[in-house]
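Here is how the chains run, residue by residue.
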Amino acid sequence: MIPAPFEYIAAESPGHALELLADYGDEAKLLAGGHSLLPMMKLRLATPAVLIDIGRLEQLAGVQADDGELVIGATTRHADLAAAELVRAEAPLLAYAAAQVGDPQIRHRGTIGGSLSHADPAADLPMALVALGGSVEIQGPGGSRVVAADDFFQGFFETALGPDELLSAVRVPRRPGVPWGYQKFVRRSNDWAIVGVAVVDGRIALANMGATPLRATAAERALAEGASPAAAAEHAADGTSPGEDMHADREYRRHLARVLTRRALEHQTG
Amino acid sequence: MPARRELARGDYLSILGTRVLRTEDPKFLTTGGVYTDDVVDDRLAGACHVFFVRSPLAHATVSGIDVSAALEAPGVIAAFTGADLADLPAIPPSAAGLINTEMTQRLLATDKVRYVGEPVAVVVTELAYQGEDALELVAVDYDPLPAALGFDPGDSSLLFEAAGTNVAGYWGDPASLRPDLFEGCETVVSHTIVNQRVAPAPMETRAAAAVWGADGRLTTWIPNQGAQGTRDDLVKLLSLEPGQVRVITPDVGGAFGAKFGADPEHAVVAWVARRVGRPARWSETRYENLIGMTHGRAQQHTVTIGGSRDGNIQAYRLEIVQDAGAYPKIGAVLPMLTILMTTGPYDIPSAEAIAKVVVTNTTPIGAYRGAGRPEATAAIERAIDLFAAEIGVDPADVRRKNLLPKFTEPHRTKFGALYDTGDYVAALDAALEAAGYAELRAEQAARRASGDVRQLGIGVSSYVEITGMGDGEGTPPSENATVEVFADGTATILTGTSPHGQGHATAWAMLASEELGIPVEKITLQWGDTDLIPEGGGTGGSRSLQQGGAAVQQASRELIEIARERAAAELEANPADLVYDTSRSAFAVAGDPEASVPLTKLAEGERLLVRTVFSQPGATFPFGTHVAVAEVDIETGKPTLTRMITVDDAGTILNPLLAEGQRHGGIGQGAAQAFLEEVVYDDDGNPLTTSFADYPIISATEVPSYELAEMQTPTSYNPLGAKGIGEAGSIGSTPAVQNAIVDAVAHLGVRHIDMPATSRRVWEALRAARQGSEHR
């Protein structure tokens, strides 16, 4: 439970963090809340030579409205996201998802940018971002770019982030009053989802049904064509090939996706 | 001035039976306990740190170990392999003779490894953080062998070639089973069920600190359940003289049976300290704990039960396979206790039980809360529900019909257990009444009729268990206590028991306070230092209060008699004329309360101290009934435990607060086995549950508030009337919860779901039942 040796550098600004990333390349990892990275380092599943701490950068935290979108700083902690009035009013699914992450200790340390960059397909926030049709702001040596959630998650724990880039903010549409539903199937309350489903305004996202958070496109299409929630949900697992572990085999996961999607669609709040 | 009443015992409210708050808690809730890894002691100054290289393979021959690169790593002082410890004896199996004597273990594996996690070498470093880097530099040449796994590991891949078999031994003779056992039964049901492997997972992992004195004596701090047993194990493992070892027990963060005695790692740490000539420390990681500490349970049961269609059970057979893990330790012996408790609280005319013990390429099995008895309860409680379902009679009625009637004189079972006192039907009825059993059945029927997605299940489990066993060699169960009163009005108790969460400091002080009149807060309890308390049986098997507590009461009473002689001399009175007034801790002459002498004055000269040993005639047998209510989501299979109602009769209760705490912990731990916890290995013997992300210990969010009904049937075996309560909760709750989950889906054609009855297993059982009915 002791990590391999590493250097620690506290970045003084986002720009400084980018300079450090440029210097150290893929030997470096950004550290924010540390609640995914540090356990992996302690188990020696991750052995970065340098940790660049951006968790203290105030300019990367907080929630603001920007025209039709909410802009959430990357180091905004889950507990703050869950409690933010603006988020609760205008992107309530995101606030709810933040409140489902882990346990209170994790929610007071973990950050939205960290969770999205970690890209665990079983996690809450990646699924929520996909359901919301949000995007991420990425800063790099060549300036900044915005990547849609659907394009950001590229594989199992893989994203569009380059080794010299930093996820600086998250954007989600401001949609007060839009119905949403959320189903997280767990063994114990603070476990990762065996399967998760988030729906908002006809978009359906699935957690732990593949290498990345997925859109249930066949079910979305059925809904758009006027199918009932129950009928649409029958297509929730179409085209998915989820992994198998001791909690669920492929067939059980696909079954859960259908049941949970129906429940998410039928029990929407808004 | 009002006339004073004559002094007599019982003139004031007794502290016994009251909810005295735990005197331990202010420390644990504020400054924290001092666990082995926290111990600061001059003798440990400059300690080096020991790290274990553990086998990554379940089964392999070891053709070479190269520590040279590790020796070059920063901070590394030394590295040792099994070859360095070759002069120490191999560890024999438990119950050698009955268990194959060839199945021995080395402190560090030499030619072969037999489970993932087995220690093969150690690296010794200056600083604690340097060890894990150095471990990676130890090169071990393994030649993999096929892993022998499961309850039928076969003999194609032998763990111990010299044994010629992976069967470690038998309890009972398979040839003795009667082919006609079920003759005359209208209905016979048989099923093979698994009582799965679980991990004790105490919050404090294993640890040790060791130092050798100039006099050649070892002093070692180890979290344990009885310092004296740990000392005796170390003496054997290290080939020392009994007087050469001093074990000191710091605060212990949970044990659950798995911290009895000493493990090979504890002995290796002591050996390293002597070899490198400086104190040595070790503290394992959670990963190491989950693969290195003994596991529990791991039995397969084939139950066969027969009787009449109206619910009279006439015959029962229990065939056990015990997976002992890679080395037959105490786990190989536990089936003996399972067999002893085969029929539980039931009166079954014909019953038989046998056990086969196998070795497999997995972590060895040890004692785990209940240790052999929960397995017996789980087997028969499932068997009764299977039987009840087959004949279509309410499972509670089947139990009532077959429970032993109330008895006040000891009852000898066919398997040789001598139950002291019991009123099993009363416990069943009390639990059913507290649960509102009829209303629950009505609610269940309504949900079944409406096709509710959340179906209701009600599980009942009646149990009797053994607490306070002797050492099995004919000596009665006993424990010692020393009580000393000081002139400043304080008192000290020394006990041979070993608290690790139970609350002995509170309970033992209550017992002494009752006799001496000294307030609880002025009484200090000491335990767990073998120089201070050379003898003792430790804490386990739910023995402590009935023996260790009774010894405190006995010592306190004997102390009063010594003090009475001194008081008589002081007051120039006849000892028989003196009355001890606990309300002011003083002796007075009967009829003349003004002529008195306080206990403290009698402690001013010669020490006022008594050491005594209390023995009881035999083990006691607490009993009870648990009712679990579970909801099962029939679309997802997810079970939710919604109510837990229990009667746990442990005789007279000394402190309800402490007893309820033991019940709470036990109920939760037992429920966890029913639907959450399992140590899982893959087909190659790789453990898959190596962190708390994968090994799901239960938390408050997975259990309801417990509804505890009271019942106290005293035992005559000790003056407290007390039986044990430490394990009962986990014995009753496991089958109750399992039965509830099965019951919730019974109407859909499901008869049994193995533990842990996870969402996936429930869903698969529902699917199989549905497919079965479609094929009919």
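Values in this document were obtained by computation on a predicted structure and should not be read as measured data.

**Some details on the overall build of chain A**
Then, number 1: Within chain A, the regular secondary structure consists of 12 helices and 14 strands.
Then, number 2: In terms of C-alpha radius of gyration, chain A reaches 18 Å, essentially the compact-globule figure of 18 Å for 270 residues.
Then, number 3: In terms of principal-axis extent, the alpha carbons of chain A reach across some 55 × 45 × 35 Å.
Then, number 4: Per-residue burial over chain A gives 51% buried out of 270 residues.
Then, number 5: Long-range pairs, those at least 24 residues apart, make up 62% of the contacts in chain A with a sequence separation of at least 6.

**As for the overall build of chain B**
Then, number 1: Regarding its fold elements, chain B presents 17 helices and 28 strands.
Then, number 2: For a compact globule of 776 residues, the expected C-alpha radius of gyration is about 28 Å, and chain B comes in at 28 Å, within 12% of that figure.
Then, number 3: When its C-alpha atoms are laid out on the principal axes, chain B stretches across 95 × 70 × 45 Å.
Then, number 4: With 776 residues in all, chain B has 57% of them scored as buried.
Then, number 5: Considering only intrachain contacts with a sequence separation of at least 6, the fraction spanning at least 24 residues in chain B is 81%.

**Notes on the sheet that holds strand β4 (residues 112-113) of chain B**
Residues and elements named next belong to chain B.
Then, number 1: Strand order in the open sheet formed by 3 strands is β4-β2-β6, with antiparallel pairing between adjacent strands. Both edges of this open sheet fall to β4 and β6 (139-144), since each of them pairs with a single strand only.
Then, number 2: Direction of pairing for strand β2 (residues 60-66) relative to β6: antiparallel, over a ladder of 6 bridges. From the neighbouring strand, Thr61 faces β6, where its bridge partner is Asp143.

**Notes on the domain arrangement of chain B**
Residue and element names in this part refer to chain B.
Then, number 1: Domains assigned within chain B are domain 1 (25-32 + 471-615), domain 2 (36-145 + 207-283) and domain 3 (296-467 + 619-775).
Then, number 2: Its C-alpha centre places domain 2 at a distance of 37 Å from the equivalent point of domain 3.
Then, number 3: Listed as interface residues are 17 residues of domain 2 and, on the opposing side, 23 residues of domain 3.

**Regarding helix α10 (residues 217-224) of chain A**
Residues and elements named next belong to chain A.
Then, number 1: If you check which residues of α10 are buried, you get Ala219, Ala222 and Leu223. All buried residues of α10 fall inside an arc of 100 degrees around its axis, so they share one side.
Then, number 2: On its buried face, α10 is in contact with β13 (203-207), α11 (229-233) and α12 (250-266).
Then, number 3: Of the residues flanking the end of α10, it is Gly226, one or two places downstream, whose phi is positive at about 100 degrees.

**Comments concerning the pairing of strand β11 (residues 180-185) of chain A**
Successive residues of a regular strand alternate their side chains across the two faces of the sheet.
Residue and element names in this part refer to chain A.
Then, number 1: Within β11, 6 of the 6 residues are buried, which leaves the element mostly enclosed by the surrounding structure.
Then, number 2: Alternating residues of β11 divide into Trp180, Tyr182 and Lys184 and Gly181, Gln183 and Phe185, and every residue in both groups is buried.
Then, number 3: Inspection of the sheet shows β11 paired to strand β12 (residues 195-200) by 6 bridges, in the antiparallel sense. Its bridge partner lying in β12, Tyr182 is registered against Ala198.

**Brief notes about the environment of Ile741(B)**
Residues and elements named next belong to chain B.
Then, number 1: Along the polypeptide, Ile741 turns up in helix α16 (residues 728-744).
Then, number 2: Classification of Ile741 by C-beta neighbours within 10 Å gives buried; the count is 30.
Then, number 3: Sequence separation between Ile741 and Thr758 is 17 residues; the distance between their C-alpha atoms is 9.6 Å.

**Regarding unusual backbone geometry**
Residue and element names in this part refer to chain B.
Then, number 1: Here Met755 and Pro756 are connected by a cis peptide whose omega angle stands at -10 degrees.
Then, number 2: Positionally, Pro756 belongs in the loop between α16 and α17 (759-775).
Then, number 3: Phi angles above zero are rare outside glycine, and Glu572 is one such case at about 50 degrees.
Then, number 4: Tracing the backbone through its elements, the reader meets Glu572 in the loop between α13 (544-571) and β22 (578-581).
Then, number 5: For Glu572, a count of 8 C-beta atoms within 10 Å puts it in the exposed group.

**Section: the domain arrangement of chain A**
Then, number 1: Splitting chain A by domain gives domain 1 (7-53), domain 2 (58-173) and domain 3 (180-266).
Then, number 2: Between the C-alpha centres of domain 1 of chain A and domain 3 of chain A there is a distance of 34 Å.

**Remarks on the sheet that holds strand β8 (residues 187-198) of chain B**
Sheet strands pair via backbone hydrogen bonds, and the direction of the pair is either parallel or antiparallel.
Residues and elements named next belong to chain B.
Then, number 1: Strand order in this open sheet of 5 strands is β7-β15-β14-β13-β8, and the pairing throughout is mixed. A strand with exactly one partner marks an edge of an open sheet, and here the two such strands are β7 (167-171) and β8. For this sheet, the mean inter-axis angle between neighbouring strands, taken without regard to orientation, is 15 degrees.
Then, number 2: Where β7 lies against strand β15 (residues 350-358), 4 bridges are found, and the strand directions are antiparallel. Counterpart to Val167 in the pairing with β15 is Val358.

**What about the nonpolar core?**
The nonpolar side chains of a soluble globular protein tend to be buried with one another.
Then, number 1: Core analysis: the largest hydrophobic core is formed by 317 residues, its most contacted members being Leu93(A), Leu94(A), Ala131(A), Ala198(A), Val122(B), Ala512(B) and Ile741(B).
Then, number 2: When near neighbours in sequence (up to four residues on either side) are disregarded, Leu93(A) contacts Ala128(A), Ala131(A), Leu132(A), Trp180(A), Tyr182(A), Ala198(A) and Val200(A).

**Looking at the pairing of strand β5 (residues 119-125) of chain B**
Residue and element names in this part refer to chain B.
Then, number 1: Counting buried positions along β5 gives 7 out of 7 residues, so the element sits mostly inside the fold.
Then, number 2: In the sheet, strand β1 (residues 48-54) pairs with β5 via 6 bridges, with the strands oriented antiparallel. Residue Val50 lies in a different strand from β5, and its bridge partner there is Val124.
Then, number 3: Across 5 bridges, the pairing between strand β3 (residues 76-81) and β5 is antiparallel. Within the sheet, the bridge partner assigned to Ala78 lies in β5 and is Val124.

**As for α13(B)**
Then, number 1: When the terminal C-alpha atoms of α13(B) are compared, their 38 Å separation across 28 residues agrees well with the 40 Å that a helix rising 1.5 Å per residue should span.
Then, number 2: The first or second residue beyond α13(B) is Glu572(B), which carries a positive phi of 50 degrees.

**Structural notes on the interface of chain B and chain A**
Then, number 1: Each partner contributes to the interface: chain B provides 17 residues, whereas chain A provides 13 residues.
Then, number 2: When contributions to the side of chain B that touches chain A are tallied by element, the ones reaching two or more residues are α3 (131-135) and α17 of chain B.
Then, number 3: Here the side of chain B that touches chain A is built from residues that sort into 6 nonpolar, 5 polar and 6 charged.

**So, the packing of helix α8 (residues 373-391) of chain B against α16(B)**
All names here are of chain B.
Then, number 1: Put simply, α8 and α16 touch, their axes get as near as 9 Å, and they point 30 degrees apart. When the axes of α8 and α16 are compared, the pair comes out roughly parallel. Both α8 and α16 take part in a crossing whose hand is right-handed. Note on element contacts: α16 touches α8 through Ser730, Ile731, Thr734, Pro735, Gln738, Asn739 and Val742, opposite Arg373, Pro374, Thr377, Ala378, Glu381, Arg382 and Asp385.
Then, number 2: The residue inventory of the contact of α8 with α16, partitioned by class, reads 5 nonpolar, 5 polar and 4 charged.

**Some remarks on the packing of helix α15 (residues 656-675) of chain B against α16(B)**
Residues and elements named next belong to chain B.
Then, number 1: Put simply, α15 and α16 touch, their axes get as near as 7 Å, and they point 40 degrees apart. Regarding the angle of α15 to α16, the classification is oblique. Crossing of α15 against α16: the hand is right-handed. Seen from α15, the contacting residues are Gln662, Arg663, Gly665, Gly666, Ile667, Gln669, Gly670, Ala671, Gln673, Ala674 and Phe675; seen from α16, they are Ala728, Gly729, Ser730, Ile731, Gly732, Ser733, Thr734, Val737, Gln738 and Ile741.
Then, number 2: Here the residues of the contact of α15 with α16 are counted per class, giving 8 nonpolar, 12 polar and 1 charged.

**Things to note about the environment of Val87(A)**
Then, number 1: Checked against the element boundaries, Val87(A) lands in helix α4 (residues 85-90).
Then, number 2: Placed 22 residues apart in sequence, Val87(A) and Ala65(A) show a C-alpha to C-alpha distance of 9.5 Å.

**So, the confidence of the model for chain B**
Residue and element names in this part refer to chain B.
Then, number 1: Mean pLDDT over chain B: 96, with 98% of residues reaching 70 or higher.
Then, number 2: Below a pLDDT of 50 lies the segment residues 1-5, which in the model reaches 1 contact outside its immediate sequence neighbourhood of four places, other chains included.
Then, number 3: The ipTM assigned to the predicted complex is 0.95, against a pTM of 0.96.

**Some remarks on the environment of Asn739(B)**
Residues and elements named next belong to chain B.
Then, number 1: Within the secondary structure, Asn739 sits in helix α16.
Then, number 2: With 31 C-beta atoms packed within 10 Å, Asn739 lands in the buried category.
Then, number 3: On a C-alpha basis, the gap between Asn739 and Leu234 in space is 43 Å, while along the polypeptide they are 505 residues apart.
Then, number 4: Beyond its immediate sequence surroundings of up to four residues, Asn739 is in contact with Glu381, Asp385, Gly459, Val460 and Ser461.

Calculation criteria
- Throughout, a residue's number is its position along its own chain's written sequence, starting from 1.
- Chains carry letters from A onward and ligands carry numbers from 1 onward, assigned in written order.
- Predicted model: local features are reported for residues with pLDDT of at least 70 only, side-chain atom pairs are reported and counted for 80 or more only, and whole-chain, interface and lining totals are derived from all residues.
- The numbering of helices and of strands both runs from the N terminus, where a helix is a DSSP run of H or I of at least 4 residues and a strand a run of E of at least 2.
- Values of the radius of gyration come from C-alpha atoms, whereas the globule rule sets the reference at 2.2 Å times the count of residues to the power 0.38.
- Any residue surrounded by 20 or more other C-beta atoms within 10 Å of its C-beta is treated as buried, while 12 or fewer makes it exposed and the intermediate range makes it partly exposed; C-beta atoms here are placed from the backbone.
- By definition, residues are in contact whenever their C-beta atoms, placed on the basis of the backbone, come within 7 Å of each other.
- For two strands to be treated as a pair, DSSP must find at least two bridges joining them.
- Where a domain begins and ends is set by an automatic assignment or by a domain database.
- In this description, one arc is meant: the one made by directions from the helix axis to the C-beta atoms.
- Axis angles are defined between N-to-C directions and span 0 to 180 degrees, where every axis is a line fitted to C-alpha atoms and, for a helix, only to the segment in contact.
- Only buried Ala, Val, Leu, Ile, Met, Phe, Trp, Tyr and Cys residues enter a nonpolar core, and they are joined through C-beta atoms within 7 Å.
- By this rule the span expected of a helix is its residue count minus one, scaled by 1.5 Å.
- Throughout this entry, Asp, Glu, Lys and Arg are counted as charged residues, while Ala, Val, Leu, Ile, Met, Phe, Trp, Tyr, Cys and Pro are counted as nonpolar. The remaining residues, Gly among them, count as polar.
- Roughly parallel means an angle under 35 degrees; roughly antiparallel means over 145; roughly perpendicular covers 65 to 115; every other angle is labelled oblique.
- Less than a right angle of anticlockwise turn of the near helix away from the far helix marks a crossing as left-handed, whereas a clockwise turn marks it as right-handed.
- Each residue carries a pLDDT score, the predictor's confidence in it, ranging from 0 to 100.

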